[in-house]
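# Fold and contact review
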Amino acid sequence: MATAFELTRPELRGQYRVTVYQLGWRLGGKGASGRGPSGRIEEHGLHVWLGFYENAFRLLRQCYRELGRDPGTCPLADWRDAFFPDAHVGMAGAARNGGWVLWSSFFPPGKGLPGDPLTAHNPFALGSYLGRTAALLRSLVLSLNTRQKFDPERGADGSVPQTRPGEDHGRLSPDEVARHIVRLLRHGLMATAVGLIEALALLESVLKSAGSYPRPLLLEFAEGLAANLRRQLENLVATDDETRCKLEIIDLVVAIIVGVIRFGLLWDPRGLDAINDYECREWLRLNGASERSLNSSFVRGLYDLALAYEDGDPDRPGLAAGQALRGSLRMFFTYRGSIFWKMRGGMGDVVFAPFYEVLRRRGVQFRFFHRLENVRLCDASRLMPGERPYVEALEFDVQAHVQGGGEYQPLVTIKGVPCWPAQPDFEQLQDGTAMREDGRDFESHWDRRHVAKTTLQVARDFDFVVLGVSVGAIPHVCRELVARDPRWRDMVAHVKTVASQACQIWLNEPMEQLGWDEPPITLSSFVKPFDTWADMSHALAEEDWPEPPPQALAYFCNVLRDPDEEPDGADAEYPKRRATEVKENAVAFLNDAIHHLWPRAVHSPGRFRWELLADASGAEARPDAGPPDEACFDTQYWRANVNPTDRYVLALPGSLQYRISPLDNTYDNLTIAGDWTDCGFNEGCVEAAVMSGRLAAHAIAQTPALEDIIGYDHP
Amino acid sequence: MATTIPEPAPHEPRGPGETPHEAKPERLRREDPKRSSPIRNATTYFRDSHSWDEGAPDPDPRGDTKVPLSETLDDVITHGVHLGYKVIEEHILKGQRAARQLRQSGPEAEAERSELDAFVDQAQRLYQDLGTLCFDAIETLVRSPVLLRIIQPGAPLQGADPPDTARDAAAGSTTRLAIEIVSRHRTRVDLRLDAGTHLRALRVHALHAPDPNAPPLTAITFRPDRGTALLAVSVPDPQPAGLYSGVVVDAESNEPVGTLTLLIAGSAEP
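Structure report, in brief. Note that the structure is a prediction, hence the values are computed from the model and not measured. (Residues numbered from 1 in each chain as written. Chains lettered and ligands numbered in written order. Predicted model: local features only at pLDDT ≥ 70, side-chain atom pairs only at ≥ 80, totals over all residues. Heavy atoms only, no water.)

Let's shift gears to the overall build of chain A. From N to C terminus, chain A includes 20 helices and 24 strands. Looking at chain A as a whole, 65% of its 715 residues qualify as buried. Within chain A, contacts between residues separated by at least 24 positions form 73% of all contacts whose residues are at least 6 apart in sequence. Total accessible area computed for chain A in this model is approximately 24200 Å², and 50% of it derives from carbon and sulfur atoms. (Helix = DSSP H or I, 4+ residues; strand = E, 2+ residues; numbered from the N terminus. Buried < 20%, exposed > 50% of the residue type's maximum accessible area, 1.4 Å probe, protein only. Contact = heavy atoms within 4.5 Å. Areas by Shrake-Rupley, 256 points an atom, 1.4 Å probe, with all protein chains shown as cover.)

To continue, consider the overall build of chain B. Summing up its helical and strand segments, chain B has four helices and eight strands in all. In chain B, the succession of α and β elements from N to C terminus is β-α-α-α-α-β-β-β-β-β-β-β. Counting over 270 residues, chain B shows a buried share of 38%. A separation of at least 24 residues holds for 59% of the contacts in chain B among residues at least 6 apart in sequence. Roughly 15000 Å² of accessible area belongs to chain B as shown, and the carbon and sulfur atoms make up 51% of that amount.

Before going further, it helps to examine the nonpolar core. Most often, soluble globular proteins have nonpolar side chains that are buried together. Residues and elements named next belong to chain A. Counting residues in each nonpolar core, the largest one holds 152 residues, and the members touching the most others are Trp49, Tyr53, Phe83, Trp283, Leu284 and Val351. Tallying contributions element by element places helix H8 (residues 241-262) first for this core, with 12 residues. Setting aside its immediate chain neighbours within four residues, phenylalanine 83 contacts Trp49, Phe57, Leu60, Trp341, Lys342, Met343, Val350 and Val351. Leu590, Ile594, Ala601 and Phe608 belong to the second-largest nonpolar core, a separate cluster that totals 37 residues. (Core = buried A, V, L, I, M, F, W, Y, C linked by side-chain atoms within 4.5 Å.)

All names here are of chain A. Among the 11 residues of strand E16 (residues 497-507), 11 are classified as buried, and the element is accordingly described as predominantly covered. Of the two faces of E16, the one carrying Thr497, Ala499, Gln501, Cys503, Ile505 and Leu507 and the one carrying Val498, Ser500, Ala502, Gln504 and Trp506 are both buried. With two bridges connecting them, E16 and strand E23 (residues 648-649) associate as antiparallel partners. The residue of E23 that forms the bridge with threonine 497 is valine 649. Bridging between E16 and strand E22 (residues 637-641) involves five bridges; their strand directions are antiparallel. Counterpart to glutamine 504 in the pairing with E22 is tyrosine 637. (Pairing = 2+ DSSP bridges.)

This paragraph deals with the packing of aromatic side chains. All names here are of chain A. With the rule as written, the count across this model stands at 34 aromatic pairs over all chains. Pairing tryptophan 533 with tryptophan 598 gives two aromatic rings, centres 5.6 Å apart and planes at 75°, and the pair type is edge-to-face. Of this pair, tryptophan 533 sits in strand E18 (residues 532-535) while tryptophan 598 sits in the loop between helix H19 (574-592) and strand E20 (602-604), placing them 65 residues apart in sequence. The residues tryptophan 533 and tryptophan 598 share a single accessibility class, namely buried. On the numbers, 4.9 Å between centres and 70° between planes, the contact of phenylalanine 608 with tryptophan 610 is edge-to-face. Put simply, the rings of Trp49, Phe52, Tyr53, Phe57, Trp79, Phe83, Trp341 and Phe681 pair up and form one aromatic cluster. Stacked on the ring of tyrosine 303, the Lys or Arg arginine 281 has its end atom at 4.4 Å from the ring centre. The ring of phenylalanine 5 carries the charged tip of arginine 362 above its face, separated from the ring centre by 4.2 Å. (Phe/Tyr/Trp six-rings, centres within 6.5 Å; stacked < 30°, edge-to-face > 60°. Lys NZ or Arg CZ within 6 Å of the ring centre and 35° of its normal.)

Residues and elements named next belong to chain A. Strand order in the open sheet formed by three strands is E10-E11-E14, and the pairing between neighbours is antiparallel. Each end of this open sheet is capped by a strand with a single partner; those strands are strand E10 (370-377) and strand E14 (452-457). Going from strand to strand, the sheet's axes swing by 20° on average, the running direction of each strand aside. The pairing of E10 with strand E11 (residues 391-398) spans seven bridges and is classified as antiparallel. What sits directly across from leucine 377, in E11, is valine 391. (Axes fitted to C-alpha atoms, helices over the stretch in contact; angles between N-to-C directions.)

Attention shifts here to a nonpolar patch on the surface. Together, Leu177(B), Ile179(B) and Ile181(B) give the surface a local cluster of nonpolar side chains, amounting to about 210 Å² of exposed area. Checked against the element boundaries, Leu177(B) lands in strand E2 (residues 177-182). (Patch = residues over 30% accessible without salt bridge, like charges linked within 9 Å, V, L, I, M, F, W, Y side chains within 5 Å. Salt bridge = Lys/Arg side-chain N within 4 Å of Asp/Glu carboxyl O.)

Moving on to helix H20 (residues 686-701) of chain A. An α-helical turn contains 3.6 residues, so a residue and the one three or four places further along point in the same direction. In a regular helix each residue adds 1.5 Å, so 16 residues correspond to 22 Å; H20(A) covers 22 Å between its end C-alpha atoms and thus fits that length. Among the 16 residues of H20(A), 15 are classified as buried, and the element is accordingly described as predominantly covered. (Expected span 1.5 Å × (residues − 1).)

On to the sheet that holds E2(B), then. All names here are of chain B. Taken together, the three strands give an open sheet; going across it, the order is E2-E6-E5, and neighbouring strands pair in mixed fashion. The outermost strands of the open sheet, each flanked by one partner alone, are E2 and strand E5 (220-225). Sheet twist, expressed as the average angle between the axes of neighbouring strands with direction ignored, equals 25°. Alignment of E2 against strand E6 (residues 228-234), held across six bridges, turns out to be parallel. Bridge pairing in E6 places isoleucine 181 opposite valine 233.

On to the environment of Trp420(A), then. Residues and elements named next belong to chain A. Take tryptophan 420: it is sitting in the loop between strand E13 (417-419) and helix H14 (432-438). Overall, the relative accessible area of 0% leaves tryptophan 420 in the buried class. Residues tryptophan 420 and aspartate 571, spaced 151 residues apart in sequence, show a C-alpha to C-alpha distance of 28 Å. Here glycine 348 takes part through its backbone oxygen, which lies 3.1 Å from a polar atom of the side chain of tryptophan 420. (Polar contact = N/O pair within 3.5 Å; in protein donor to acceptor, adjacent residues only side chain to side chain.)

Another point: the pattern of salt bridges. The tally for this structure, following the rule as stated, stands at 48 salt bridges over all chains. Two residues, Lys342(A) and Asp86(A), come together in a salt bridge whose shortest N-O distance is 3.3 Å. Here Asp86(A) lies in strand E5 (residues 83-86) and Lys342(A) lies in strand E8 (residues 340-343), a separation of 256 residues in the sequence. Of the two residues, Lys342(A) and Asp86(A), both sit in the buried class. A salt bridge links Glu581(A) to Arg578(A), with the shortest nitrogen-to-oxygen separation between them at 2.8 Å. A residue pair is termed a helical-turn pair when its members lie 3 or 4 positions apart in one helix, as Glu581(A) and Arg578(A) do in helix H19 at three residues. For Arg578(A), a relative accessible area of 6% puts it in the buried group. One network of salt bridges, in which partners are shared, links Glu387(A), Asp668(A), Glu26(B), Arg27(B) and Arg29(B).

The next subject is the packing of helix H2 (residues 54-67) of chain A against H20(A). Residue and element names in this part refer to chain A. In the contact formed by H2 and H20, the axes pass within 7 Å of each other and the chain directions differ by 70°. Taken as axis vectors, H2 and H20 run roughly perpendicular relative to one another. Contacts between H2 and H20 involve Glu54, Asn55, Ala56 and Leu59 on the former and, on the latter, Val686, Glu687, Val690, Met691 and Arg694. Tallied by class, the residues present in the contact of H2 with H20 amount to five nonpolar, one polar and three charged. (Parallel < 35°, antiparallel > 145°, perpendicular 65-115°, else oblique. Nonpolar A, V, L, I, M, F, W, Y, C, P; charged D, E, K, R; others polar.)

For the rest of this paragraph, the subject is the environment of Ile594(A). Residue and element names in this part refer to chain A. Turning to its location among the elements, isoleucine 594 is positioned in the loop between H19 and E20. Of the residues examined, isoleucine 594 reaches a relative accessible area of 0% and is grouped as buried. Separated by 12 residues in sequence, isoleucine 594 and glycine 606 have C-alpha atoms that sit 9.2 Å apart. Setting aside residues up to four positions removed in sequence, isoleucine 594 forms contacts with Phe556, Phe589, Val602 and Phe608.

In this section: the layout of surface pockets. The calculated volume of the second largest pocket comes to roughly 990 Å³. Along the wall of the second largest pocket there are 38 residues; nearest its centre are Asp268(A), Arg270(A), Ala274(A), Ile275(A) and Arg192(B). The element that contributes the greatest number of residues to the lining of the second largest pocket is strand E8 (residues 256-265) of chain B, accounting for six residues. For the lining of the second largest pocket, the class distribution of residues is 15 nonpolar, 10 polar and 13 charged. (1 Å grid on protein atoms, 1.4 Å probe; cavity = no way out; pocket = protein on both sides within 12 Å on 5 of 7 lines; lining within 4 Å. Points joined across faces, edges and corners; volume = space filled by probe spheres on them.)

Okay, structure coming up:
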């Protein structure tokens, strides 16, 4: 969608005519959503946009502006109607005395909004990140002082500091830094807490302009600081879970500061990519992080959010160190507005329906119900001297024909908002009734039924191809490419994906009544099989339930372990078996684990209150029905994302160099787009997908300029 | 999957086998991009050079777009630090509550109370030791000739080691490097130098291991040796196994020019 949006900008004056060929009935791939019974939103999983998704937000804002919806008739008229900031992030960890301890952190709002125009200043310098990391370290060290309340105005010892603890020493010139140093030396202030804070602030200043100082000194300073900190921390006894978590984060922050300097990342032309062969935990361990910190809820939470488990195995976490660090620095230090942004509706409604509408207005053609079967390459023997190989034809299965040969109308309107339905509108399809009765699953990799085949020929039907399928589908649709080109072969072998599982439950009582006293939250590193939970109760207002509507809505997701043997292509029942597995996981989870989050959602641990679940079908309970039991879960929504196109791409150590860039010109009429490509931010997320889409547009039209793809040129 | 046609599109095929189009005489080709990978080094910066937003109204009038991003980010950090203090206060209060509970929980909590006291004492000592460390480190910085030159432009590089004139004369435009390892450990050396680095005057101050208890390796020299630059490394017998790394600098300017890593495996061989 991002590529189509870029190539059809009005400024290009219709230079490109774009046709989108789409599997099934809806756009969005992993981000697609649909409206089910009672207009309830049914997602592939949990989708939260981070506050640093600059490219994604920029395009989305432009899309809404061009769309020009009437706020009087459409409640999602503006992007700010569609997204709202969520500043609460939670982590769950095992408590010292058993059970779970829950951390709820509030991240303060960052000035500006994601997608705002940027200036020529560079926020992406590693020195700048290090300075901020030092500031974080300073805050954390301060927080260890439990003997007396620290007063930042007067200091623990009552002396008035010359600089406020929050002051940014990075603005000081080297002369001023020197004056501060001299003052500290002369008055021996560093033996006090206030002096120490100022000294740490100087560390921040020195790190921010690391290029001004000799590398050996920096390294010596950082390593000395780390060694002393660790020596002391090892002897500390964490008397409570909060202190323990704080010590772990200090340990990790110190490891990052030391590692960045020790590995020369500030000066390495590869930037953080220089350490992508290291597994993130391994790299932190190399730089002194303790095992306790490496297994902390904070680290586990970062892995959970990235679904970073090879083959879905919780015992095989895998995240390339450089990309993990890049993602964390961007996440914590470059967000605008809020660290998280949640959607008021489904991702399909909030993102893909507006893009669909704008692109249709621009003249983009959509061909739904087209399954790509083969990207056929030219015969190499027919190439002229110096001519590059190219895509000669695209072969599709046509899954359904539209009645009367017209155009399929994919959207439905719910409470004034154009939405994608959870099922296709069979009424629009030839033999639609029979297809519905047959249980056609147009999105299943294992349902290959089709009504026709069609082939597009280069120069006759197209000039350029943007391949936007997921990397999981590449072996199936690019067989010739993979067979002929070792780079593509290496890519599909090394750029791995993982299946995921998701469930959503609608509840008849509000969260506080269930025992959750915190604000609505996105919480991670919780117990498997659903380690991530988001309170999505806000989305209920967009759904269309009969009175009385549900009072709360919760999304859960996690990886789903792959079977040892890849399922056979003809195993049509495979998705159903995995979905059944997800359902069983969810039922067990509600019975056995949910009470840690919602203590009043159970009669007792092991006995979920099934009557809490709201039924969207509106069916009345039979008078002779027994007490509510696990069968009530059938009214909820769950899914196993096992289709190759639905699988989540991983950023495993030693794998990122095998990704291929959308800018690659080996096949001079083919480019690729998706969060699995080498797009600058090589981790599965919306931002990566949009960056990749913009790069694909650049590959074809030399626009947008690479400098405008925000964060592409990032250390 | 999207296809693009940079001219008015022909009709799409309507059914199986239908091919109503006339073949175009020649297919189009993409231009080679100026580059195909991001610039990752420290000089990177982005800008809105050709943004479609340029000159256009702010996509969101509610957004504060006049504030430079650098300020925005600094503010984020400032907010973060202030938040840190709020968190600290909260934790102090929690600590006080925990202490009260310990005091009220009877004689069996005596051991835990002493644990808490020990923790607080150690935290206090941590600040004091950190203060000393920072004192030392900053003193080192102040004595740095490079820092002095930054603070006082024109100041001589007092304290800096004089350049080795004999080494200069002998090395000239040396491009060959020999490595001499004196070690009873099995040792692997990884030397990476920036392109164009002159081998005539290099220095490594020390190599450090991730384990802070491992002593740094300091017996490392670069010296000219019959027209060849010689890197000599001596590994003491009791040196713990591990990965030791450090920065290679130009001996005259103290500018970093590369990294040196030693992997010391196992215990010393007899």
